[in-house]
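Each chain, letter by letter, is given below.
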Amino acid sequence: MASTLKYVRVPPNSANMEEARKRVFEFFKTACRSIPTIMDIYILDDVAKPSQLRSTVASEIRKNAHVTDPKVIDMLLIKATEELSNIVEHAKQRHHIIGQYVVGRQGLTQDLGIKDQGNSNFLNSFYSGNYF
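The notes below deal with the structure included here.

About the thresholds
- Residue numbers run consecutively from 1 along every chain, following the written order of its sequence.
- Local features in a predicted model are, by the rule used here, given only for residues with pLDDT of at least 70; side-chain atom pairs are given and counted only at 80 or more, and totals for whole chains, interfaces and linings are based on all residues.
- Hydrogens are left out, water is left out, and the side-chain values use all remaining heavy atoms of the structure.
- To get an axis, fit a line to the C-alpha atoms, keeping to the stretch in contact for a helix; angles then go from 0 to 180 degrees between the N-to-C directions.
- The helix count covers DSSP runs of H or I at least four residues long, the strand count covers runs of E at least two residues long, and both are numbered beginning at the N terminus.
- We call two directions roughly parallel when the angle between them is under 35 degrees, roughly antiparallel when it is over 145, roughly perpendicular when it lies between 65 and 115, and oblique otherwise.
- In what follows, residue pairs with any heavy atoms lying within 4.5 Å of each other are defined as contacts.
- In this count, Pro and Cys sit with the nonpolar residues alongside Ala, Val, Leu, Ile, Met, Phe, Trp and Tyr, while Asp, Glu, Lys and Arg are called charged and the others, Gly among them, polar.
- Throughout this description, the term salt bridge denotes a Lys or Arg side-chain nitrogen within 4 Å of a carboxyl oxygen of Asp or Glu.
- Here a crossing is taken to be left-handed if its near helix is turned anticlockwise relative to the far helix by less than a right angle, and right-handed if that turn runs clockwise.
- Burial classes: relative accessible area under 20% of the type maximum marks a residue as buried, over 50% as exposed, and values in between as partly exposed (1.4 Å probe, protein chains only).
- The criterion is simple. A nonpolar core is a set of buried Ala, Val, Leu, Ile, Met, Phe, Trp, Tyr and Cys residues joined through side-chain atoms within 4.5 Å.
- What goes into a patch is any residue over 30% in relative accessible area without a salt bridge, connected to like charges within 9 Å or, for nonpolar side chains (Val, Leu, Ile, Met, Phe, Trp, Tyr), within 5 Å.
- Note on areas: Shrake-Rupley with a 1.4 Å probe; residue coverage comes only from the protein chains shown.

**A short note on the packing of helix H1 (residues 17–42) against helix H3 (residues 70–88)**
Interaxial distance between H1 and H3 falls to 10 Å at its minimum, and their mutual angle equals 10°. On the basis of the axis angle, H1 is roughly parallel to H3. Residue-level contacts link Met 17, Ala 20, Arg 23, Val 24, Phe 27, Thr 30, Ala 31, Ser 34, Ile 38, Ile 41 and Tyr 42 of H1 to Pro 70, Ile 73, Asp 74, Leu 77, Ala 80, Thr 81, Leu 84, Asn 86, Ile 87 and Val 88 of H3. Of the residues contributing to the contact of H1 with H3, the split by class is 15 nonpolar, four polar and two charged.

**Some words on the pattern of salt bridges**
Enumeration over the complete set of coordinates arrives at six salt bridges. Asp 46 serves as the salt-bridge partner of Arg 94, at 2.8 Å between the closest nitrogen and oxygen. In this pair, Arg 94 is assigned in helix H4 (residues 94–103) and Asp 46 in the loop between H1 and helix H2 (50–62), connecting sequence segments 48 residues apart. Among the ionic contacts, a cluster of salt bridges with common partners joins Glu 19, Arg 23 and Asp 74.

**With respect to the packing of H1 against H2**
Viewed as axis vectors pointing N to C, H1 and H2 meet at an angle of 150°, and their least axial separation amounts to 10 Å. It follows from the interaxial angle that H1 and H2 lie roughly antiparallel. Here H1 runs over H2; the crossing is right-handed. Residue-level inspection shows Val 24, Phe 27, Phe 28, Ala 31, Cys 32, Ile 35 and Met 39 of H1 in contact with H2, the latter providing Pro 50, Leu 53, Arg 54, Val 57, Ala 58 and Ile 61.

**Focus: the environment of Lys 49**
Structurally, the position occupied by Lys 49 is in the loop between H1 and H2. The class of Lys 49 is exposed, set by a relative accessible area of 59%. Separated by 13 residues in sequence, Lys 49 and Pro 36 place their C-alpha atoms 9.7 Å apart.

**Notes on the environment of Ile 41**
Here Ile 41 lies in helix H1. For Ile 41 and Glu 89, which are 48 residues apart along the polypeptide, the C-alpha to C-alpha distance reads 9.1 Å.

**Some details on the nonpolar core**
Core analysis: the largest hydrophobic core is formed by 22 residues, its most contacted members being Ile 38, Tyr 42, Leu 44, Leu 53, Leu 84, Ile 87 and Ile 97. Taken together, the elements giving at least two residues each to this core come down to H1, H3 and H4. The element that contributes the greatest number of residues to this core is H1, accounting for eight residues. Those residues in contact with Tyr 42 that lie beyond four places of it in its chain are Asn 86, Ile 87, His 90, Ala 91, Lys 92, Gln 93, Arg 94 and Ile 97.

**What to know about a nonpolar patch on the surface**
Among the surface-exposed residues, Phe 122, Phe 126 and Tyr 127 lie close enough to one another that they form a single nonpolar patch of about 350 Å² accessible area. Here Tyr 127 is to be found in helix H5 (residues 121–128). We classify Tyr 127 as partly exposed; its relative accessible area is 45%.

Structure (structure tokens):
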């Protein structure tokens, strides 16, 4: 399974912005082609759909849309290729993939309102003590 990305390499330098842009699109295609393999390796069918992972990859790429230096884009592509190869080679565990790419940075639960502030007599007396 890991042989799909064995020969994917990012050349060290892009000559101009157009070449760097072309390499970003090629990386996106490679990442999207590896999604079914990733879904099989990490058994993600019950928590995500391939389209959800595809949109996550696209949003991760769009986060760096403001970068205009081809050398910086090449560096980001090298890091992204390394991350993708680590995922395909099963160097991460399932909960890492779910936490980073399925759930995302907002977490599993969202804050739906005011939580219990702990205004019990015990806590009030504890806070008023000299423990801080």
